[in-house]
Amino acid sequence: MNRLSLTLSRAIARVTESPLGRYQSAVIRIGFAGTWLLFLLREFPHRQELYGPDGPWSWDLARRLTSDNHAFTALMWSGGQLWFEVFYLLAILSSAALMLGWRTRTASLLFMVGVLSLQNRSVFVGDGGDNVLHLMSIYLVFTRCGGVWSLDARRAALREAARERGERASGDRVGPALWVVLGLVLGGVTLAGRFDGGLVPVLLWTAWAGLGLWGAVQRLERAREPRILLDVIANVLHNGALCVIMAEACLIYATAGWYKIQGSRWQDGTAVYYPLHLDYFSPWPGLADLMSSSGTIMMIVAYGTVMVQVAFPFTLFNRRVKNVLLVVMMTEHAVIAVVLGLPFFSLAMITADAVFLPTSFLLLLGGLVARARGRMAGRGDGHGDGARPDDPGHEGDSGLEGGPGRDGESDGSGDGDGTLPAPRSPEEGTRGHVGFTA
């Protein structure tokens, strides 16, 4: 009984004391925001046909559909051209802000609004990757994905270093200003009756109130207990959302694999052959012909795809097998991006797979990027390779970690979750945990 109680207490402490998978959540933040940003930029010349008020799927048709299914889309607030152009630009800016980790909490909310609004405006545009992005944009709101590899983490580390030197850090003004502006916008939209029910308005108002509460508590020097309570709540939400993201990725592969088993083309090993010869999925006909010239290769690819997708959820407790299958699946999606011309679908799926990457690999990758950045900076200022120990982006420094247990805004800016200092999470080491470490 004592052993059970001790195990349970350790599990509760692990879930509540710190956000798990900080590097994995940072990778999926960068991946999904970058994927959506690239899509918006590529389709910028065609934005009118896809989502514009005078496109093939007109504003009136979209209005009739959303009034029936109650899907959230801010593009239905006005049928004017100016509103569409402004909103499309805001969607681009919010994606860039989230990818860079600038005001991550606010950026994640705006990113979600942009994704849902554009996709629900024209529901017949897109593919499976858009469905993944649709769901992940909601899950990211609950994560503390700005703790590492973000401008928020860098700013927090620089501010902490200034405090250690005895310097007085200047108060943040951008965070409170953003909070006030967003509150005014939400209030105006609500009073105008633009919200058509649903969970999105509730989520937006709850997040706005939570950011305001956190900012107020942070400014009270004696409010240590409320800060701890809010920190615990944020950790629980983050860890829960990360588990949901992992479960979603497993569900996608499991259902895809089991449905393929039921198809006759997958059973006889010819399913991969046919997409390679469709004009819509053949940006490189010569490459497609080369791949499909061997029936044996087609059969191996078809059977291998089914086996990998069905087996993947069952391999999470064996890190070696899991890592091998991750490499196989990411390679397969990269091939799909090139051969079938589905780059954004592949990027979305590779990003979803990244939640299972080992922390040790991500630390190595971050170190390589930091050293490359340091060498580039060194060429510009004559300081060798530029990887200074006090550089917040240097591997093992507080910039890479986001400070010990910190997550972006920690000065009461009202735009961040400001984790209290805490011991380094066990999952940042090399111990074996499902989906997180090597």
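What this report covers is the structure whose coordinates are included nearby. Because the structure is predicted, anything quoted here is derived from the model rather than measured.

## Here's the deal with the side chain of Asp-353
- On the secondary structure map, Asp-353 appears in helix H16 (residues 343-353).
- Nearest to the buried, unbridged Asp-353 among oppositely charged side chains is Lys-322, at 11 Å.
- A distance of 2.7 Å separates polar atoms of two side chains, one belonging to Asp-353 and the other to Tyr-253.
- Not counting residues up to four positions away in its chain, the partners in contact with Asp-353 are Tyr-253, Leu-326, Met-329, Met-330 and His-333.

## Some points on the packing of helix H9 (residues 174-191) against helix H10 (residues 199-218)
- With their axes 11 Å apart at the nearest point, H9 and H10 run at an angle of 150 degrees to one another. When the interaxial angle is binned, H9 and H10 end up roughly antiparallel. Two packed elements cross with a definite hand, and for H9 against H10 that hand is left-handed. Where H9 abuts H10, its residues Trp-179, Leu-182, Gly-183, Leu-186, Gly-187 and Thr-190 lie against Leu-204, Trp-205, Trp-208, Leu-211 and Gly-212.
- Here the residues of the contact of H9 with H10 are counted per class, giving 7 nonpolar, 4 polar and no charged.

## Details of the pattern of salt bridges
- Taken as a whole and assessed by the stated rule, the structure comprises 7 salt bridges.
- Arg-42 is paired through a salt bridge with Glu-43; the nearest N and O atoms lie 2.5 Å apart.
- Note on Glu-43: relative accessible area 10%, which makes it buried.
- Notably, a salt bridge pairs Asp-231 with Arg-144, separated by 3.0 Å at the nearest N-O pair. In this pair, Asp-231 is assigned in helix H11 (residues 224-262) and Arg-144 in the loop between helix H7 (128-139) and helix H8 (151-164), connecting sequence segments 87 residues apart. Note on accessibility: Asp-231 and Arg-144 belong to one class, buried.

## As for unusual backbone geometry
- Phi at His-70 is positive, roughly 60 degrees, even though this residue is not glycine.
- Counting through the fold element by element, His-70 comes out in the loop between helix H4 (59-69) and helix H5 (81-100).
- For Trp-149, which is not glycine, the phi torsion reads 55 degrees and is therefore positive.
- For Trp-149, the position within the fold is in the loop between H7 and H8.

Scoring rules and cut-offs
- Residues numbered from 1 in each chain as written.
- Predicted model: local features only at pLDDT ≥ 70, side-chain atom pairs only at ≥ 80, totals over all residues.
- Heavy atoms only, no water.
- Helix = DSSP H or I, 4+ residues; strand = E, 2+ residues; numbered from the N terminus.
- Buried < 20%, exposed > 50% of the residue type's maximum accessible area, 1.4 Å probe, protein only.
- Lys, Arg positive; Asp, Glu negative; His and termini not counted.
- Salt bridge = Lys/Arg side-chain N within 4 Å of Asp/Glu carboxyl O.
- Polar contact = N/O pair within 3.5 Å; in protein donor to acceptor, adjacent residues only side chain to side chain.
- Contact = heavy atoms within 4.5 Å.
- Axes fitted to C-alpha atoms, helices over the stretch in contact; angles between N-to-C directions.
- Parallel < 35°, antiparallel > 145°, perpendicular 65-115°, else oblique.
- Left-handed = near helix turned anticlockwise from the far one by under 90°.
- Nonpolar A, V, L, I, M, F, W, Y, C, P; charged D, E, K, R; others polar.

By themselves, these figures tell us nothing about what the structure is for.
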